[in-house]
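Spelled out from the first residue to the last, the chains are:
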Amino acid sequence: MSKSYSPTPSKTCPAVLDDETLLAIGEIITKFAEIENLINLYISGLAQLSESRTGVLLGRMSISGKIEKAGYLASMTGKMITEIHSNLFNSDFGDMLRCRNVMAHGHFLGKTEDGSFAFRTNQTLNPSDGEASYVVASYPKSEIIRTAKVLGEYIEHTIKLLNLQTSLDKQSLPFLKAHPKGRRQRKKSAKPNPPPHS
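Residues numbered from 1 in each chain as written. Predicted model: local features only at pLDDT ≥ 70, side-chain atom pairs only at ≥ 80, totals over all residues. Heavy atoms only, no water.

1. Observations concerning the overall build of the protein
What counts is decided by this rule: Where helices and strands are cited, they refer to DSSP runs of H or I of at least four residues and of E of at least two residues respectively, numbered from the N terminus. Only C-alpha atoms enter the radius of gyration; for comparison, a globular chain is expected to reach 2.2 Å times N to the power 0.38, where N is the number of residues. Buried, partly exposed and exposed residues are distinguished by accessible area as a fraction of the type maximum, computed with a 1.4 Å probe on protein chains only: under 20%, between the cut-offs, and over 50%, respectively. Accessible surface area values rest on a Shrake-Rupley calculation with a 1.4 Å probe, where residue burial reflects the displayed protein chains alone. We score Asp and Glu as negative and Lys and Arg as positive, and we do not count His or the chain ends. Lys charges are placed at NZ, Arg charges at CZ, Asp charges at CG and Glu charges at CD.
When helices and strands are tallied, the protein shows eight helices and four strands. In sequence order, the secondary structure elements of the protein are arranged as β-α-α-α-α-α-β-β-β-α-α-α. The C-alpha radius of gyration computed for the protein amounts to 23 Å, which surpasses the reference 16 Å derived for 198 residues by more than 25%, pointing to a less compact arrangement than a globule. By residue count, 30% of the 198 residues in the protein fall in the buried class. For the protein, the exposed surface amounts to about 14,200 Å²; the carbon and sulfur share of it is 54%. Mean positive and mean negative side-chain charge positions of the protein (25 and 19 charges, respectively) differ by 15 Å.

Structure, rendered in structure tokens:
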């Protein structure tokens, strides 16, 4: 799914994203959330920090920023992990990440003349005639579906390669704790039971 640039102008026509494409887009977005979690666990291991401390340090850093930090830590750790890092986060991964960003943040315009789905991104080109033009990314339906499938395989491969299964198992809690704000709301809204009718 390498990036290419259209040499000629083209038109878009109104279209609706079908259920199969919408499902694939949803899979791409949720699978990247899984990948981001794996990257956090990967950084925790490299930095020898608990998951919660790593979360505090990384904050709301972008996935690209996290990959950069992980690469730096990998290079401090050893040659083997540096090679694994380079193989995992290569140009193919970058193409899939770009696709995810387009699907998550792009504005759907419709179909192009060749039948691809077009999304206007927030990226702009250098101004021409006093105005900036937005970059439009388009993907054939088959490419969107293929990306969703490849991401599933990529996740399995990453878990094995970085030995993250044990860390993932620790995240699988049998129950969820109550949120502190939820407890306060419950106390405020608690009303005494009315007396029983005689």
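Still to come is the rest of the account.
2. Details of the packing of aromatic side chains
One pair of aromatic rings is described through two measures. These are the centre distance and the angle between the planes. Under the convention used in this document: Geometry of aromatic contacts follows a simple scheme: Phe, Tyr and Trp rings, the Trp one being its six-membered ring, pair when their centres are within 6.5 Å, and the pair is stacked under 30 degrees between planes, edge-to-face over 60, tilted otherwise. Definition used: whenever NZ (Lys) or CZ (Arg) falls within 6 Å of the ring centre and also within 35 degrees of the ring normal, the charge is taken to sit over that ring.
For the coordinates displayed, the defined rule picks out six aromatic pairs. Ring centres of Phe 32 and Phe 93 lie 5.7 Å apart, and the angle between their planes is 55 degrees; this geometry places the pair in the tilted category. With Phe 32 in helix α1 (residues 19-47) and Phe 93 in helix α5 (residues 91-105), the pair connects residues that are 61 residues apart, well separated along the chain. Grouping residues by exposure puts Phe 32 and Phe 93 together as buried. Above the ring of Tyr 134, the side-chain terminus of Arg 120 is found at 4.0 Å from the ring centroid.

3. Details of the pattern of salt bridges
Our working rule: We count a salt bridge whenever a side-chain nitrogen from Lys or Arg sits within 4 Å of a carboxyl oxygen from Asp or Glu.
By the definition in use, this model includes seven salt bridges. The salt bridge involving Glu 153 is made with Lys 149; its shortest N-O contact spans 2.9 Å. Of this pair, Glu 153 and Lys 149 both sit in helix α6 (residues 141-161), four residues apart, roughly one helical turn. Lys 149 gets classed as exposed once you look at its relative accessible area, which sits at 55%. Several salt bridges share partner residues, and in doing so they unite Asp 18, Glu 20 and Lys 141 into one network.

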